[in-house]
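Summary of structural features
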Amino acid sequence: MVKKDNPYGYVGKIVTKDNFIGRNDILSEIEQRLLGNNFGNMALIGLPRSGKSSIAYSLIDEGKSLHKNNIYPIWIDLSNCINSTIFYKELINNSFNTIKSLIDYKTTNQLENIYRTINKIKSISISNIETKEEIKDFFKILKTNNLRAIVVIDEFDKAQNLFNVDDFIFLRELTYNPNTTFPILTTSRRTIRDIEPEQGAISNFYGTFIVKNVGMYNSEDLNQYYSKWNKIFLNFTKIDFDYFVSEIGPHPYLLDLISFKLYGSLEGNTLSTYKSLLNKLQINVSNKRDISEFTIKFNEILENNDIHQQFISFIKIFKVDDLDQKLYQIVFGPNININKQDINKLLNYGVIVQHEDHYICFSKLLHKTLEEVKLNLPLRDVIEEYELKMREITKIWIATSYSKKSNFKNPTDWENTVGSLFKNLRALRSNSLKSYPGRASEHLIDYTQPREFWEIWNKDIEWFTKILNLDKNNLHERIMYIAKKRNPPYHQNSSFLSKTEVDLTHNYCSEMIEKISIAIKT
């Protein structure tokens, strides 16, 4: 017997045509920006699997209707390009092939010049200047013949490693110059400004874009999703669907993934199997009359480790921009080093939503997963990194400021600073050099303990407060709190600390690591 197709079998791929749900607000902006007589570049920004590529591909699906107005959407997947030259050839080849396949046969004569240009480009080896001139000629011919390409570049994050400043300048010129102009639509996780090199101010490619954030489904999208869902899962109700969304969240990919698994688990089942489902889970029917068939199957699916790993992977996305720590602080507190920009970025991604006077995760399951993994390294590792950073910035202070004070005649005289602290540090160093010759550090600061940082820093506290942008009281609070909570994790006894103590220690360490790292770079 042939098994019935799963209506969510497309999950994980670009969603096209009848399977594409909602996003009317974004599609409307795309239409206004790209399809009118006055057009320009547009960037779709969102997390992986938020639906950016599917939204962008809707232009390709509309190709045959758009070409009646001499508009030709071109698709380029930047992840398939190994260098910028391959990209430029893809740009020309895909443009040419798309136009050739869509244009009316009777108007083929107008493509003769384009044929000559494309063939010339194909014959050119990787000669960047010449190739770019030919590309300009190609788009000039399109413009002269009243043909407009809309170049959709998927996975544009890769441009950071693929393009140099000249490439961004060239793309800006192509889309900006009236003789060659055409619009570009990009999809990426980061903004064009973040993707451009540090010299991006020279190219100002990002300045030609308007940005549209692609987050979760809105209420209109969810209504459309339910209309389809309800026709597939005939035995389930709107209450079941609302529970489904509240647990998973309005995330396009995750909703499709769970629906795919739900359909597979229920295929062939009817309400008559309800009792057997309950028995399988050892649930007493008489005591659990309010538990629906949907709830049982849904919870079974959520127990699957694959679903759990999806949420773990979702959280790992934020490690790239060090947003994982900040997401944890925003949701659970305390907020140590959170700024408005961090909150706005997570709001734009749709990962958090405002609830009364605080923020919550878009999904109950994401919230639970955040609590479970705590997003972080073990506390001991974080404290160790904190101590290394504290020593690093202290050494910089000694080299650039303290050792140059008038009471020190030679650069190393600071080691003989009066007091028991420096006397003990000298003794520790001496013993270590004897015990580990050739391996032990020569620098006195490498023998400091966390609590001792305050005594050292207090000799020139203005230097540290200025460079770290923290006042004296805040610095003292953080240094002494971390020192006080250090020992249990270092002896594998983190359980001695409460969850609040672990969180605050971790957040203080993370804040200091971040501030010191910024100070060192500048």
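For clarity, every value in this text was computed on a predicted model and none was experimentally measured. The numbers attached to residues start from 1 for each chain and follow its sequence in the written order. Only residues with pLDDT of at least 70 get local features here, since the model is predicted, and only at 80 or more are side-chain atom pairs given and counted; chain-wide, interface and lining totals rely on the full set of residues. No hydrogens and no water enter the side-chain calculation; it runs on all heavy atoms of the structure.

Notes on the overall build of the protein chain
Threshold: Helix and strand definitions follow DSSP, with helices as H or I runs of at least four residues and strands as E runs of at least two, each counted in order from the N terminus. Per-residue accessibility, obtained with a 1.4 Å probe over protein chains only, is compared with the maximum for each type, and a residue is labelled buried under 20%, exposed over 50%, and partly exposed between these values. Contacts between residues were defined by any pair of non-hydrogen atoms, one from each residue, lying within 4.5 Å. To measure how exposed things are, a 1.4 Å probe is used in the Shrake-Rupley method; for residues, cover is taken only from the protein chains shown.
Helix and strand content of the protein chain: 26 helices and seven strands. Each of the 522 residues in the protein chain was classed as buried or not, and the buried ones make up 50%. Partitioning the intrachain contacts of the protein chain with sequence separation of at least 6 by distance along the chain shows that 72% fall at a separation of at least 24. Of the accessible surface of the protein chain, which amounts to about 26,800 Å², a share of 48% is contributed by carbon and sulfur atoms.

Comments concerning the nonpolar core
Selection criterion: To define a nonpolar core, start from buried Ala, Val, Leu, Ile, Met, Phe, Trp, Tyr and Cys residues and group those joined through side-chain atoms within 4.5 Å.
In this structure, Trp 229 and Val 351 are the most contacted members of the largest nonpolar core, which totals 67 residues. Looking at this core, the element that brings in the most residues is helix H13 (residues 252-266), giving eight residues. Beyond its immediate sequence surroundings of up to four residues, Trp 229 is in contact with Tyr 8, Phe 236, Thr 237, Asp 240, Phe 241, Phe 244, Ser 259, Leu 262 and Phe 294. Judged by nonpolar contacts, the second largest core, of 41 residues, contains Leu 379, Trp 463, Met 480 and Cys 509.

A few points about the confidence of the model for the protein chain
Definition in use: The pLDDT score gives, residue by residue, the confidence of the prediction method on a 0 to 100 scale.
The share of residues in the protein chain with pLDDT of 70 or more is 84%, and the mean pLDDT across the chain is 83. Low pLDDT, under 50, characterises residues 268-290; the predicted model gives this stretch 25 contacts beyond four residues in sequence or across chains.

Points about the packing of aromatic side chains
In plain terms, the rule: Aromatic rings from Phe, Tyr and Trp, taking only the six-membered ring of Trp, are treated as a pair when their centres fall within 6.5 Å; an angle between ring planes under 30 degrees marks them as stacked, one over 60 as edge-to-face, and anything in between as tilted. Any Lys NZ or Arg CZ that is within 6 Å of a ring centre and within 35 degrees of that ring's normal is treated as a charge sitting over the ring.
Throughout the structure, instances matching the rule amount to 33 aromatic pairs. Taking 4.7 Å as the distance between ring centres and 20° as the angle between the ring planes, the aromatic pair formed by Trp 397 and Tyr 402 counts as stacked. Comparing Trp 397 with Tyr 402, the two get one shared label, buried. A connected cluster of aromatic rings, assembled from ring pairs, spans Tyr 8, Tyr 10, Tyr 217, Tyr 225, Tyr 226, Trp 229, Phe 233, Phe 236, Phe 241, Phe 244 and Tyr 263. Above the ring of Tyr 176, the side-chain terminus of Arg 172 is found at 4.5 Å from the ring centroid.

Quick notes on helix H18 (residues 340-349)
Rule in force here: Directions from the helix axis toward the C-beta atoms define the arc.
By the burial criterion, the buried members of H18 are Asp 342, Ile 343, Leu 346 and Tyr 349. Buried residues of H18, seen end-on, are gathered within an arc of 130° and therefore sit on one face of the element. Of the exposed residues in H18, those oriented more than 90 degrees away from the buried face are Lys 340 and Gln 341. Looking at the buried side of H18, the elements it contacts are helix H17 (323-332), strand S6 (352-355) and strand S7 (358-361). Of the residues one or two after H18, Gly 350 is the one with positive phi, at around 85°.

Concerning the pattern of salt bridges
One side chain can pair with another of opposite charge once the charged atoms of both are near each other. Just so we agree on the cut-off: Counted as salt bridges are all cases of a side-chain nitrogen of Lys or Arg within 4 Å of a carboxyl oxygen of Asp or Glu.
Here the structure, examined in full by the defined rule, presents 16 salt bridges. Ionic pairing is found between Glu 133 and Lys 136, a salt bridge with its closest N-O pair at 3.6 Å. Of the two residues, Glu 133 and Lys 136 are both situated in helix H6 (residues 128-144); the distance of three residues between them amounts to about one turn of the helix. Residue class for Glu 133 comes out partly exposed when judged on its relative accessible area of 39%. A salt bridge links Glu 392 to Lys 389; the shortest N-O distance between them is 3.8 Å. One end of the pair, Glu 392, and the other, Lys 389, are both in helix H20 (residues 379-400), three residues apart, so they sit about a helical turn from each other. For Glu 392, a relative accessible area of 33% translates into the label partly exposed.

Comments concerning the sheet that holds strand S2 (residues 71-77)
Sheets are built from strands paired through backbone hydrogen bonds, the pairs being either parallel or antiparallel. Worth spelling out the cut-off: Should DSSP find at least two bridges between two strands, the strands are regarded as paired. Note on method: axes are straight lines fitted to C-alpha atoms, helices fitted across the in-contact stretch only, with angles between N-to-C directions ranging 0 to 180 degrees.
Ordered in space as S2-S3-S4-S1-S5, the five strands form an open sheet in which the pairing is parallel. On the outer flanks of this sheet lie S2 and strand S5 (209-213), each paired with one strand and no other. Each adjacent strand pair in this sheet contributes to an overall mean axis angle of 20°, direction not counted. The sheet contact formed by strand S3 (residues 148-154) and strand S4 (residues 184-188) spans three bridges and is parallel.

A short note on the environment of Ile 317
Here Ile 317 shows up in the loop between helix H16 (305-316) and H17. Its relative accessible area of 18% is what places Ile 317 among the buried residues. Between the C-alpha atoms of Ile 317 and Pro 48, which are 269 residues apart in sequence, the distance is 8.3 Å. When residues no more than four places from it in sequence are discounted, the contact partners of Ile 317 are Leu 47, Pro 48 and Arg 189.

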